[in-house]
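Structural overview
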Amino acid sequence: MSASNHEHLESQHMRPYERLKAYVVSDVHLNNHPYDPAEPENPRRKNFRVFLTQVNETLRPTDKVQLILNGDILDITGSWFEDLMPWDRDDEDVGNILASLLVSIMENNLATFDEFRRLLRHPNAEIIYIYGNHDGLLQRYPASHEVIRNFLSPHPAEQARVHFVESFASEALDLYVTHGHLLDPFNHADSRMQPALGDVVNLLIVNRFVERVLERMKAQGYSESLIRKLHNSLHDIEYLRPLSLVPVWIQNTAHQYHSHPENVGKGKAIDAIMIESVSEILRDPQMVRFMTRRLHFPKGVWELLVSVTLRIPAILPLISFVTSKVVRRGHSNKYQYKAAQRLHSEQGYRLIAFGHTHIPGVLPLSQSAYYFNTGSWKPVINLFKYSKDPVELEYLNPDVQFNKVERCGILRIEKTDFSGQTPAEFALQTIQSGLS
């Protein structure tokens, strides 16, 4: 049935619901990383599960609800530790790895997925999954949709109410939703087999750095207690935003251990191990292959550049400063807001929502139209502070230290008048909490 026919039936009072509710959220980043087995669920994602529980508990039998998951809900790139990179081949092997990885992520977040299942048992509930950059493989491998649907429900009628799309538009709510990574050159790939730079940093640096450092520390004879402590600290690398902060974060962490007592008598100090691990990753054949193709450098030139550059004092903070300026387009709401202005002007949407930047906010597009960003349910470590411009950020300001917060937003929309006289009501609820 076409959308126009559907609207026509509703106008004839055949609508099977009295109230339409929609919730837009983004950037939950559910992964398969281990957590304390004594915990009943991942404490880093508990807030999101609590939100889903509240949605389920407030639904009426006569409601229709649309849960709009606006990208980066399942953190596929953050959970990919395979030797085979997803961009190396486009075949069944990658698809099989993806299917297995999805199950491990969903099982690791079972409390959350139990709430998804509970939601789908409501006969007028839909889950609309919009692709982001961390879960873009879902779009490339459509068979993965069935893996998720089968995990959520054995019933075809419930599975049919789980949709996977690039963007979502609702005429009834006057709403347009998209993740926003396509506006970000750092996280946008030009082709299926040419990965985005953000994917390369995630898979080849963020996912591998911690293990390489800890392996080298074990070989040097550092104590198990220190290794466990450093393990927890180093894994904070996954919370950096933007990823261009990785070099300065590594430098900052290494400096904290420069004078550690356990360095005495070891062949290599902890800070030296960290820098060597960075060098080793940058010389990894997969990294060399990508960088030489992307930058058109001969292999020897890239290896020489890495070797010379990492010997320069304080080079890592400088790299972060320069790259942050280059990629800031993807980590400020300023550019998304401009895109929303164009969408509003050209297509007339009243409510336009993005994710991706991990910075929640709302700004007017006109007297009655608004741009939203729904932030992230993932803790964020950054060097930002808000400037006077509400859609701009100051990067690497020397007066601002690393801080870790959770800044998520929930765009709630409700409509009870379907005569066309009264627009939907909406509110952006933001949650910010300091995290240790």
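The coordinates are above.
Cut-offs applied
- Residues numbered from 1 in each chain as written.
- Predicted model: local features only at pLDDT ≥ 70, side-chain atom pairs only at ≥ 80, totals over all residues.
- Heavy atoms only, no water.
- Buried < 20%, exposed > 50% of the residue type's maximum accessible area, 1.4 Å probe, protein only.
- Helix = DSSP H or I, 4+ residues; strand = E, 2+ residues; numbered from the N terminus.
- Pairing = 2+ DSSP bridges.
- Polar contact = N/O pair within 3.5 Å; in protein donor to acceptor, adjacent residues only side chain to side chain.
- Contact = heavy atoms within 4.5 Å.
- 1 Å grid on protein atoms, 1.4 Å probe; cavity = no way out; pocket = protein on both sides within 12 Å on 5 of 7 lines; lining within 4 Å.
- Points joined across faces, edges and corners; volume = space filled by probe spheres on them.
- Arc of directions from axis to C-beta.
- Axes fitted to C-alpha atoms, helices over the stretch in contact; angles between N-to-C directions.

**Brief notes about the pairing of strand β7 (residues 351-354)**
Of the two faces of β7, the one carrying Leu351 and Ala353 and the one carrying Ile352 and Phe354 are both buried. Bridge count for strand β6 (residues 175-178) against β7 is three bridges, and the pairing is parallel. Bridging across to β7, Leu175 finds its partner in Leu351. Of the strand pairs in this sheet, β7 and strand β9 (residues 370-373) are connected by four bridges, and their pairing is parallel. Bridge pairing in β9 places Phe354 opposite Asn373.

**Thoughts on the environment of His155**
Checked against the element boundaries, His155 lands in the loop between α6 (143-152) and α7 (156-159). Judged by its relative accessible area of 45%, His155 is partly exposed. Between the alpha carbons of His155 and Leu120 there is a distance of 9.9 Å; along the sequence they are 35 residues apart.

**Focus on the side chain of Asp135**
With respect to the helices and strands, the residue Asp135 is situated in the loop between β3 (125-130) and α5 (137-140). Separated by 2.6 Å, the side chains of Asp135 and Tyr129 make a polar contact. Only 2.6 Å separates the side chain of Asp135 from the backbone nitrogen of Gly132, close enough to count as a polar contact. If we skip the residues at most four places from it in the chain, Asp135 touches Gly71, Asp72, Ile73, Leu74, Ile76 and Tyr129.

**Concerning empty space enclosed by the protein**
All chains considered together, the criterion is met by five cavities of 30 Å³ or more. What lines the largest cavity is a set of 15 residues, and nearest its centre among them are His33, Gly78, Val206, Asn207 and Glu238. Put simply, the second largest cavity is a space of about 90 Å³. Where the lining of the second largest cavity is concerned, the elements lending two or more residues are α4 (110-120), β3, α6 and β4 (162-165).

**Some words on α4**
Thr112, Phe113, Glu115, Phe116, Leu119 and Leu120 are the residues of α4 that are buried. Angularly, the buried residues of α4 cover 150° about the axis, an arc narrow enough to put them on a single face.

**Details of helix α9 (residues 224-234)**
Turning to α9, its buried residues are Leu226, Ile227, Leu230 and Leu234. Down the axis, α9 shows its buried residues gathered within 100° of arc, on one side only. Structural note: α9 exposes Arg228, Lys229 and Asn232 on the side pointing more than 90 degrees away from its buried face. Turning to α9, the residues buried within the fold contact α8 (197-220), α10 (246-256) and α11 (270-282).

**Description of the sheet that holds β6**
Sheet strands pair via backbone hydrogen bonds, and the direction of the pair is either parallel or antiparallel. Here we have five strands laid out as an open sheet, ordered β5-β6-β7-β9-β8, and mixed in their pairing. The open sheet has two edge strands with one neighbour each: β5 (167-170) and β8 (361-364). This sheet shows a mean twist of 15° between the axes of neighbouring strands, independent of strand direction. Helix α15 (residues 333-347) rests against β6, β7, β8 and β9 of the sheet, and its axis sits at about 150° to β7.

Limitation: the analysis is restricted to geometry and does not speak to function.
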